[in-house]
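Each chain, letter by letter, is given below.
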Amino acid sequence: MFKKLNPAKSYRLLESGPIVLVTTRAGGKNNVMTLGFHMMMQHEPALVGCIIGPWDYSYQALRETGECVIALPTVDLAQQVVDIGNCSGEEVDKFRRFGLTARSGESVEAPLIRECVANLECRVVDDAMVDRYNMFILQVENVWVDRARREQRLLHHRGDGVFIVDGETIDLGERMVRWRYLMDD
Ligand SMILES: Cc1cc2nc3c(=O)[nH]c(=O)nc-3n(C[C@H](O)[C@H](O)[C@H](O)COP(=O)(O)O)c2cc1C
């Protein structure tokens, strides 16, 4: 079950650089791609930079609609994650092929992915760097997290199809003396 998280806490999901899926919806058609090149840019409002190139079918959908969802897959979806990034929505209905369930969000038309542990509804707020770097700057409008999901381990792409799986966590929060205000809730 998805529960809402304050979008200002998006960095807790993305700062570790997990591989993500990006969904779009254009012309009544859902699509999804795999994306490793992203970065948190601002806490509040939460801004994320994503590199999505014109070689991706998703590029045109994002340009047209200005909307997408960043979905976080866990290790059990690893093979689908790679395969989703190795075929085009121009030829394949990827939701059907990879057994993904589209769920409606609240503020964008692009679908949430039921099978993912978190979904961030995003809107393009700055396209000034798209022509130069294929970089879309997205604002996160809603965040949905499935804390009840059994598998929570995210994947981190080292490149060339090799991934690191979330492992040990060390919590040094007590040393974050300068940033306490971020940690309050
Ligand atoms: C592990 C992995 C990471 C990827 N990262 C990116 C990325 O950061 N940016 C990008 O434009 N494409 C990236 N791709 C490639 C797209 O996912 C791929 O071109 C996909 O087929 C696009 O789907 P679409 O044509 O349906 O939009 C990645 C692929 C894989 C497998």
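Structure report, in brief. (Residues numbered from 1 in each chain as written. Predicted model: local features only at pLDDT ≥ 70, side-chain atom pairs only at ≥ 80, totals over all residues. Heavy atoms only, no water.)

1. Things to note about the nonpolar core
Formed by 30 residues in total, the largest nonpolar core has its most connected members in L13, L14, I52, I70, L72 and L120. Only helix 1 (11-14), strand 2 (20-26), strand 3 (29-35), strand 5 (47-51), helix 2 (57-65), strand 6 (67-72), strand 9 (118-126) and strand 10 (135-145) provide two or more residues apiece to this core. Broken down by element, the residue count for this core peaks at 5 residues, all from strand 10. Residues L21, V32, F98 and C116 belong to the second largest nonpolar core, which totals 13 residues. (Core = buried A, V, L, I, M, F, W, Y, C linked by side-chain atoms within 4.5 Å. Buried < 20%, exposed > 50% of the residue type's maximum accessible area, 1.4 Å probe, protein only. Helix = DSSP H or I, 4+ residues; strand = E, 2+ residues; numbered from the N terminus.)

2. Observations concerning the site of the ligand
Contacts to the ligand come from 24 residues, most closely from D56, Y57, S58, C87 and G89. Contact distances for the ligand include 2.9 Å between an oxygen atom and a backbone N or O atom of F37. Backbone polar atom of Y57 to an oxygen atom of the ligand: 2.8 Å apart, as the coordinates give it. In isolation the ligand exposes 650 Å². Once the protein is present, 86% of that is buried. Here the ligand is seated within the second largest pocket. Of all the elements in the fold, those that place two or more residues in the shell around the ligand are strand 3, helix 2 and helix 3 (78-84). Of all the elements, strand 3 adds the most residues to the shell around the ligand, at 4 residues. Taken together, the residues of the shell around the ligand break down into 12 nonpolar, 10 polar and 2 charged. (Near = heavy atom within 4 Å. Polar contact = N/O pair within 3.5 Å; in protein donor to acceptor, adjacent residues only side chain to side chain. Areas by Shrake-Rupley, 256 points an atom, 1.4 Å probe, with all protein chains shown as cover. 1 Å grid on protein atoms, 1.4 Å probe; cavity = no way out; pocket = protein on both sides within 12 Å on 5 of 7 lines; lining within 4 Å. Sits in = over half its atoms within 2 Å of the grid points. Nonpolar A, V, L, I, M, F, W, Y, C, P; charged D, E, K, R; others polar.)

3. A word on the pattern of salt bridges
Overall, the coordinates contain 9 salt bridges when judged by the stated rule. For D131, the salt bridge identified is with R63, shortest N-O distance 3.6 Å. Taken as a pair, D131 in helix 5 (residues 130-133) and R63 in helix 2 lie far apart in primary sequence, 68 residues in all. Judged by relative accessible area, which is 34%, R63 ranks as partly exposed. Between R114 and D146 there is a salt bridge whose closest N-O contact spans 3.3 Å. Note that R114 is positioned in the loop between strand 8 (112-113) and strand 9 and D146 in the loop between strand 10 and strand 11 (155-159), a separation of 32 residues in sequence. For R114, a relative accessible area of 24% translates into the label partly exposed. We classify D146 as buried; its relative accessible area is 4%. It is possible to trace a salt-bridge network through shared partners that takes in R63, D127 and D131. (Salt bridge = Lys/Arg side-chain N within 4 Å of Asp/Glu carboxyl O.)

4. Let's talk about unusual backbone geometry
Note that the residue after E44, namely P45, is joined by a cis bond; omega there is -5°. Among the secondary structure elements, P45 is positioned in the loop between strand 4 (38-42) and strand 5. Phi at N134 is positive, roughly 55°, even though this residue is not glycine. Position of N134 relative to the elements: it lies in the loop between helix 5 and strand 10.

5. Here's the deal with empty space enclosed by the protein
Taken as a whole and assessed by the stated rule, the structure comprises 1 cavity of 30 Å³ or more. Considering only enclosed or pocket space, the largest cavity measures out at about 30 Å³ in volume. For the largest cavity, the full set of lining residues is L21, L77, Q80, V81, I84, L100, I113 and C116. Top contributing element to the lining of the largest cavity by residue count: helix 3, with 3 residues. Split into classes, the residues belonging to the lining of the largest cavity amount to 7 nonpolar, 1 polar and no charged. (Points joined across faces, edges and corners; volume = space filled by probe spheres on them.)

Just geometry here; none of it tells us what the structure is for.
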